[in-house]
Amino acid sequence: MPGQRKTLQDLFKENLKDIYYAERKILVALPKMAKAVNSDELRAAFEKHVAETEGQIERLQQVFSLLDEPAKGKTCPAILGLVEEGEEVMEDFEDSPALDAGLLGGAQAVEHYEIARYGTLVAWAHELGMSEAAELLQQTLDEEKATDQALTRLAEAAINDSGTRQAAE
Ligand code: FE
Ligand code: FE
Ligand code: FE
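Rules used in this analysis
- Residues numbered from 1 in each chain as written.
- Chains lettered and ligands numbered in written order.
- Predicted model: local features only at pLDDT ≥ 70, side-chain atom pairs only at ≥ 80, totals over all residues.
- Heavy atoms only, no water.
- Donors = N, O, S within 2.8 Å, 3.2 Å for Na, K, Ca; no water.
- Helix = DSSP H or I, 4+ residues; strand = E, 2+ residues; numbered from the N terminus.
- Buried < 20%, exposed > 50% of the residue type's maximum accessible area, 1.4 Å probe, protein only.
- Axes fitted to C-alpha atoms, helices over the stretch in contact; angles between N-to-C directions.
- Parallel < 35°, antiparallel > 145°, perpendicular 65-115°, else oblique.
- Contact = heavy atoms within 4.5 Å.
- Core = buried A, V, L, I, M, F, W, Y, C linked by side-chain atoms within 4.5 Å.

Focus on the coordination of the iron ion (ligand 1)
Of the protein atoms, only Glu23 (OE), Glu23 (OE), Gln56 (OE1), Glu114 (OE) and Glu144 (OE) coordinate the iron ion (ligand 1), at distances of 2.0 to 2.3 Å. Mapped onto the polypeptide sequence, the residues donating to the iron ion (ligand 1) form the spacing pattern E-x32-Q-x57-E-x29-E. A gap of 3.1 Å separates the iron ion (ligand 1) and the iron ion (ligand 3), which Glu114 links by coordinating each metal. Linking Glu23 in helix α1 (residues 8–36) with Glu144 in helix α5 (residues 131–168), this pair joins segments that are 121 residues apart in sequence. Considered together, Glu23 and Glu144 belong to a single accessibility category, that of buried residues.

Below, the structure is given as structure tokens:
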């Protein structure tokens, strides 16, 4: 017989480890993306989110301690793939005017992954009666959503800019 049947609590812990691993990868990747972009506004948005990511990692450590678990990551293949795609954009579009658009899109893919994970974790924390953990995770979910929206606004502004430029040509 395989070991004890796993519970929602086990699943919650596994996903906590997944996002903890992912956040720490993001903390390394995001400053590189900030360095690579041409737009000062996009760089500022990335840098702001680096600082937020540090706080998000601390929140996850708090959630682990609420569970009496050591803060430990577990390889997240999704974030490795998303980071790799970002690196590909940086290489292949290094001298391209589309570099910023590529990295902005890549960053949004990361935010969407995080929104999916944190949304689920918040729901499970409620389900498990862990209201303090739910509140911490909700704070991060709100930051990820705000970041995604800020990136959308930058993307739209950039598209409007290029439209104006084309109209003036
Ligand atoms: Fe995050
Ligand atoms: Fe994952
Ligand atoms: Fe994020």
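Quick notes on the packing of α1 against helix α3 (residues 77–92)
The contact between α1 and α3 brings their axes to 10 Å, and the two run at 10°. The angle between the axes of α1 and α3 places the two elements in the roughly parallel class. The segment α1 lies against α3, with Tyr21, Ala22, Lys25, Ile26, Ala29, Lys32, Met33 and Ala36 engaging Ile79, Leu80, Val83, Glu87 and Met90.

So, the nonpolar core
One finds Phe12, Leu16, Phe46, Val63, Ile79 and Leu137 to be the most contacted residues of the largest nonpolar core, which totals 45 residues. Elements with a minimum of two residues in this core: α1, α2 (40–66), α3, α4 (99–127) and α5. Per element, the largest residue contribution to this core is 12 residues, and it comes from α4. Non-local contacts of Leu16, meaning those with residues more than four positions away in its chain, are made with Leu60, Val63, Phe64, Leu67, Leu121 and Leu137.

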